[in-house]
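What follows is the residue order along each chain.
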Amino acid sequence: MRIRLEKRLTPSRFMLVATPVASVLLTMALGAVIFELLGFDGPDAIYQTFITPIVAPYKWVDVLTKAAPLIIIALGLSLGNQAKIWNIGAEGQYVIGALAGAGVAFAMPQAAPGFVAVPAMIVAGIIGGMAWAAIPALLKTRFRVSEVLSTLMLVYVAMQVLNYLIGGPWKDPNGHNFPQTPPFSATQSLPNVIPGTVVPPGFVVAIALTLVFWVLASRSVYGFSVRTVGAAPSAARYGGFDAARTVWSTLMISGGMAGLAGILEAMSQLGQINLGFPSGYGFTAIIVSFLGRLHPVGVFLAGLILAVTYVGGQVAQTAVHVPEATAGIFQATMLFLILASDILVRYRLRLVRAAPRAATAGAPA
Amino acid sequence: MKVGAPPRLELVGVSKSFPGVRANDSVNLRVKPGEIHALLGENGAGKSTLVKMIYGILAPDEGQIVFDGAPTRISNPRAARRLGIGMVFQHFSLFEAMTVLENIALGLDARLSQRDLLAEFHRVLDAYRLKLDPRRIVSTLSVGERQRIEIVRALLLNPRLLIMDEPTSVLTPQEVEQLFETLRRLAASGCSILYISHKLHEIVALCDTATILRGGKVVGTADPKRENPRSMAEMMIGASLKEIAKPAERSFGPPKLETLDLSLPKPTEFGVALKGVTLCVRAGEIFGVAGVAGNGQNELLSALSGETPSAAESVILLGEGVGRLSVTERRELGLCAVPEERNGHAAVGEFSLTDNASLTGRNRMDFVSFGLINSGKATSYAAEVIGAFTVKATGPGALAGSLSGGNLQKFIMGREILQQPAALVVCQPTWGVDAGAAAAIHQAIVDLAARGSAVLVISQDLDELLTLSDTIAVINLGALSKPMTVGEVSIEEIGLLMGGVHGDPAGTAQMTEQLHAHPA
Amino acid sequence: MNIGFIIDALVTIIGVTTPILLAATGELVVEKSGVLNLGVEGMMLIGAVTGFAVTLNFGDSLGDWAPWVGIGAAALAGAASSMLFAFLVLSLGSNQVATGLALAIFGIGLSSLIGASYVGTVIAPFNQVFPDWLAEDPIGRVAFGHSPLVYFALIMVVAVGYFLNRTRAGLILRAVGENDISAHSIGYPVVAIRYAAVAFGGAMAGVGGSYFSMVITPMWAEQMTAGRGWIALALVVFSSWRAGRLLVGAYFFGILMTLELYAKASGFSFLPSQFWAAMPYIMAIVVLAVMSARDVAGSEAPACLGRPFMPNS
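Conventions adopted
- Residues numbered from 1 in each chain as written.
- Chains lettered and ligands numbered in written order.
- Predicted model: local features only at pLDDT ≥ 70, side-chain atom pairs only at ≥ 80, totals over all residues.
- Helix = DSSP H or I, 4+ residues; strand = E, 2+ residues; numbered from the N terminus.
- Rg over C-alpha atoms; globule rule 2.2 N^0.38 Å.
- Buried ≥ 20, exposed ≤ 12 C-beta atoms within 10 Å, placed from the backbone.
- Contact = placed C-beta atoms within 7 Å.
- Axes fitted to C-alpha atoms, helices over the stretch in contact; angles between N-to-C directions.
- Parallel < 35°, antiparallel > 145°, perpendicular 65-115°, else oblique.
- Left-handed = near helix turned anticlockwise from the far one by under 90°.
- Nonpolar A, V, L, I, M, F, W, Y, C, P; charged D, E, K, R; others polar.
- Pairing = 2+ DSSP bridges.
- pLDDT = per-residue confidence, 0-100.
- Core = buried A, V, L, I, M, F, W, Y, C linked by C-beta atoms within 7 Å.
- Domains from an automatic or database assignment.
- Expected span 1.5 Å × (residues − 1).

S.K.: When you look at the overall build of chain B in this model, what are you seeing that I'm missing?
M.R.: A count of helical and extended segments in chain B gives 17 helices and 23 strands. In summary, chain B has a C-alpha radius of gyration of 24 Å against a globular reference of 24 Å for 520 residues, a match within 12%. Each principal axis of the C-alpha atoms in chain B carries an extent, and together these give about 70 × 55 × 45 Å. By the burial criterion, 49% of the 520 residues in chain B qualify as buried. For chain B, restricting intrachain contacts to residue pairs at least 6 apart in sequence, the fraction spanning at least 24 positions comes to 68%.

S.K.: It is not clear to me how the packing of helix 4 (residues 90-107) of chain A against helix 6 (residues 147-167) of chain A should be interpreted in this structure. Could you clarify?
M.R.: When two helices pack together, their arrangement is given by the angle between the helix axes and the distance between those axes. Residues and elements named next belong to chain A. Packing of helix 4 against helix 6 leaves a shortest axis separation of 8 Å and a crossing angle of 30 degrees. When the axis of helix 4 is compared with that of helix 6, the two are roughly parallel. Classified by chirality, the crossing of helix 6 by helix 4 is left-handed. Note on element contacts: helix 6 touches helix 4 through Leu154, Val155, Ala158, Met159, Val161, Leu162 and Leu165, opposite Glu91, Gly92, Val95, Ile96 and Leu99. In terms of residue class, the contact of helix 4 with helix 6 is built from 10 nonpolar, one polar and one charged.

S.K.: Whenever I open this one, the interface of chain A and chain C confuses me. Can you help?
M.R.: Accessible area lost when the parts come together is the quantity often used to give the size of an interface. Across the boundary between the two partners, chain A contributes 40 residues, which contact 41 residues of chain C. At the level of secondary structure, the elements contributing two or more residues to the side of chain A that touches chain C comprise strand 1 (2-7), helix 5 (114-143), helix 6, helix 11 (281-291) and helix 13 (326-346) of chain A. With 11 residues, the top contributor of residues to the side of chain A that touches chain C is helix 13 of chain A. Split into classes, the residues belonging to the side of chain A that touches chain C amount to 28 nonpolar, nine polar and three charged.

S.K.: Got a minute to help me understand the pairing of strand 4 (residues 62-67) of chain B in this structure?
M.R.: Each regular strand displays side chains that alternate between the two surfaces of the sheet. Residues and elements named next belong to chain B. Where strand 1 (residues 9-18) and strand 4 come together, five bridges link them in antiparallel fashion. By the bridge assignment for strand 4, Val12 is matched with Gln64. Direction of pairing for strand 4 relative to strand 5 (residues 70-72): antiparallel, over a ladder of three bridges. Bridge pairing links Ile65 to Thr72 in strand 5.

S.K.: Just checking my understanding: could you explain the confidence of the model for chain B for this structure?
M.R.: Atomic detail in the predicted coordinates should be set aside for any region of low pLDDT. All names here are of chain B. Residue-level pLDDT values for chain B average 87, and 94% of them are 70 or greater. For chain B, per-element mean pLDDT is lowest for helix 17 (residues 505-517), which scores 40, and highest for strand 20 (residues 454-458), which scores 97. Segment residues 502-520 is flagged for pLDDT under 50; beyond a separation of four residues in sequence, or across chains, it makes 19 contacts in the model.

S.K.: What's the story with the nonpolar core in this structure? I'm lost.
M.R.: Side chains of nonpolar character tend, in soluble globular proteins, to be buried together. Membership of the largest hydrophobic core comes to 372 residues, with the highest contact counts inside it found for Ile73(A) and Leu235(C). Looking at this core element by element, the count peaks at 16 residues for helix 10 (residues 190-216) of chain C. Both domains that furnish three or more residues to this core are identified here as domain 1 (9-237) and domain 2 (255-489) of chain B. Setting aside its immediate chain neighbours within four residues, Ile73(A) contacts Ala90(A), Tyr94(A), Met257(A), Ala258(A), Ala261(A), Tyr281(A), Gly282(A) and Ala285(A).

S.K.: It is not clear to me how the interface of chain C and chain B should be interpreted in this structure. Could you clarify?
M.R.: In this assembly, 13 residues from chain C lie in contact with 19 residues from chain B. Elements with a contribution of two residues or more to the side of chain C that touches chain B: helix 8 (168-178) and helix 9 (180-186) of chain C. With five residues, helix 8 of chain C is the largest single contributor of residues to the side of chain C that touches chain B. Partitioned by chemical class, the residues of the side of chain C that touches chain B number six nonpolar, five polar and two charged.

S.K.: Explain the sheet that holds strand 7 (residues 161-165) of chain B to me, please; I cannot follow it from the model alone.
M.R.: Strand pairing within a sheet occurs via backbone hydrogen bonds; the two strands may be parallel or antiparallel. Residue and element names in this part refer to chain B. The six strands lie next to each other as 6-7-8-3-9-10, forming an open sheet whose pairing is mixed. The sheet is open, and its two edges are formed by strand 6 (85-88) and strand 10 (217-222), each paired on a single side. Geometrically, the sheet is characterised by an average inter-axis angle of 20 degrees between neighbouring strands, direction not taken into account. The pairing of strand 3 (residues 36-41) with strand 8 (residues 192-197) spans five bridges and is classified as parallel. Among the inter-strand pairings, Ala38 is bridged to a residue of strand 8, identified as Tyr195. Across the sheet, helix 8 (residues 229-237) is in contact with strand 3, strand 9 (209-214) and strand 10; its angle to strand 9 comes to roughly 30 degrees.

S.K.: Is there a simple way to explain helix 4 (residues 96-115) of chain C in this structure?
M.R.: An α-helical turn contains 3.6 residues, so any two residues separated by three or four positions project in the same direction. Taking 1.5 Å of rise per residue, 20 residues should cover 28 Å, and helix 4 of chain C covers 28 Å from first to last C-alpha, within 8% of that figure. With 17 of 20 residues buried, helix 4 of chain C is to be regarded as a mostly interior element.

S.K.: How should I be thinking about the sheet that holds strand 1 of chain B in this particular structure?
M.R.: Residues and elements named next belong to chain B. Read from one edge of the open sheet, four strands run 2-1-4-5, paired in antiparallel fashion. Bordering the open sheet on either side are strand 2 (21-31) and strand 5, each of which pairs with just one other strand. Sheet twist, expressed as the average angle between the axes of neighbouring strands with direction ignored, equals 30 degrees.

S.K.: Sorry, what's going on with the domain arrangement of chain B here?
M.R.: All names here are of chain B. Assigned domains within chain B: domain 1 (9-237) and domain 2 (255-489). The centre of domain 1, based on its C-alpha atoms, is set 33 Å off from the matching centre of domain 2. Each partner contributes residues to the interface: domain 1 has nine residues there, and domain 2 has 11 residues. Here the side of domain 1 that touches domain 2 is composed, by residue class, of four nonpolar, four polar and one charged.

S.K.: Got a minute to help me understand the environment of Gly397(B) in this structure?
M.R.: Residues and elements named next belong to chain B. Within the secondary structure, Gly397 sits in the loop between helix 12 (375-388) and helix 13 (405-417). Take Gly397: there are 13 C-beta atoms within 10 Å of it, and that puts it in the partly exposed class. Between the alpha carbons of Gly397 and Ser352 there is a distance of 5.1 Å; along the sequence they are 45 residues apart. Setting aside its immediate chain neighbours within four residues, Gly397 contacts Ser352 and Thr354.

This is the structure we're talking about:
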């Protein structure tokens, strides 16, 4: 017996939805086995990682807090990924966005009222993220530099910009010499959660943006142009869609989204910017984008799931004493599985009996 | 050819299926030593699948391949070459960035030293009177020269059976004659040739026997020298040939689409520069552009469609200079285009037909309001195209990539024609399309012109242009010849222009050389 | 500036260049076969932690051979992790950019998990092959005072250059990267050749990673390769896919990274130290811009780079 791949005439819609779900479930099963082999209580570790954050109401704030930046960033990335433009430097744009917003906060008078300070910082955050993403956009359209490498290199540069600013010019004079900025004033901050609820302000933004991106991606001429550029660049040009404009617009949008996520995080969760600010949301959002199949609604759900693993990873760390790094492995495994299962959308697996005149040439078993 | 010798190649009941298609259905075939055997069939008849099995690229599901009397199982191309089977591919199996000699070395299984390889290479060139520079990079060579690499590669194996897959589709008439010369010499030395084509006059000129394939089955064998070409054609198509209904007396209106000294630099290293192209297509006229592949056809189409902008006054639509306008703006003014490559250029294979209708129809057919696409309108337009052009598809939701070549081409042509363009530019409208679809497409082009549109047809198929167009010109190395009236011009004249003689010294020299080698 | 200072600097440059040279040499072969494996950083980390762990755990029983076994284990681990990528990309036809990225993330996570128990442990550095009178000669140490891996890296880049341009196997590998469909129809096993190339790239990345944990700082720290895997990827573009230029480019980056070390250590601080830390990445971007703009036709990159190939569809 061997497995044969047969190309489907039309991609399977069932598989498109089923495979992400299966990937998550399979990750849980694999995780349980691996933990068991490593000498931990496997099923309990999985329960703590994947289930506790959902069933324990006191964890909901944490989950929604983590989900907000993941969803906001991943919405932007998904648009670019549809055009096969790979912005893998959202982490850098997230950092620079937050720094730009913070710069505006420190430049404005402390007494500036909230209705001025908050929008000014948010706009600055978006512009900061866009500016950082404009570099790879320029490099790609003018010099044909692969955005995969340039966006990533700029993450490392952004980290150094952050280190420099919080350790030098923007260092908090009352911070006991810690590398961190002074705290934002009350009018420059957003609450952790909307009073009386478990919902952080960033999550409200995430919901609104999910709807906006849904319309943009599935109904608008712009969304259609992005999909066309990704699927067939020559056809896009023939249809009147400009590839360079798509590079620019998708990188501006994904950079702006990352910057927005950064400044919201800084304003509502940390109240300042410190060394621990870059927490990997920009990288995890790439996984969110693929797990969500680049669809805004899928991204929204995938963002929640990844947020659960973040929070659950911490729960499992204290409850079952698994190492911190396991959350990363779970996320990477999920990404591997979703990418591997892609083939089920486009192909049908068929078991064939190993006849002497075996079928099509050369599928490595 | 000894009497009683076993056939060089015999296929017994060979079958092969792909999802949804039975590509070959118990095919029987017999090729004698030293015979030039035609495998005749329409696009999609299963010719390519059959030869891929003979060459070991695909394995048959059922049946037996017998070579020189011995049943064999050919598991890969290397095994085929060991038996003495060589193949020249339709889309060449060459490596563009490498030299001729490296390409030759890659096609040989024996490890030869550079010097031995070069000696062998020159031996074959001399024996078959071919010319080829071993140090040139393939991407700098003409299509004819590239094919020569493939032939030399096959000949170096001293083949006992040579498979040629549609070898003439990219050659000028003179190059075809040269190729036939080589093949005849090869056959005379005892090598069998399996010659795949759908061009009847070639088969009549070259082949000893013809096996005709339709829908994956053998429907007959014939002696092409005796058989009436028309009856072979009808066997191949499985129906009687349909004539295009073209109004006898045609008069043309004012110019609708013109180019004036249109010049553009090479778009890429491998592209062709356009040199002062001037043409004029009047209302109701079908203007044909002939030429060998890679002489600027795609560049001309891009310049007209707007994919490549040019000087404002070098492209004129309805008296207005549109050279600077975008694709979308030109389309709104009534200039529509269909590029050569269907999947990936004229249509997106992984998109539905509805989305493919939006690709070019969204503005002219009014699908868009406030930046949003009205999918209802797009769907009903796609359905209209499917109905009007009898496209075989499950509906507007079907993926473009799931349609056969002919049906997708009908959809694309329909999508543009139903937009009622003032001028339509089409490149290779029936390339790789079955006869039924080709006839329908030709009729649609004629009808569009009859309604007063200007139509520019760019094609490598001279027969197609001669039946379809009113006026014809030849493109060579990016320059366009003077327009000629169809019916007043001979195939030889056009063939010479395709080889390049209009004031181009290099082309002329090449041409004279060929004429001396093969006095017509 | 005295001779000693220059010698010190040269020794440092050669040291910091070696891991990126090793990883980039492997990636060069991978890309020449038409595959883009962005997971270099992850494979380097897996190599780093494996080499360290094996050397540490078998140090007693293997004695002097322990580091050699450690390097071998690092190569195997790198190759094994690359097979995960290869299976997805070559057998299942998944997107190469996303899968490479997944491998990078996976490698970072897995190496942290394995390495968690080793943080703070030190092994004997693996840094001298030649006898002391050569290796500790004040001037001779520029040539003789290095870890065997330094010489291995130089030999490998020359060997890969020879293999690609002068051997029949190299010709076939390039052909597969140039036109996979043609190579397949002539009868070359495209997928198998790519598997082999990816495995080689993984092994070289693993060895390159082990240089961090076994030579530079003979201990394990999370993400200790600090983005050098990405520099190695940029280096391959910089080299226009040629082994000779790869060597030159690697030393160019080596000099930049050495500047960072010296700027931190000395009074080189008319610019903030973060500037020097960012320098290799900024220069990598500049270099990418220059090289990519020069290659107008895009003809230097292997034509099939990053494109999926499914022979039976």
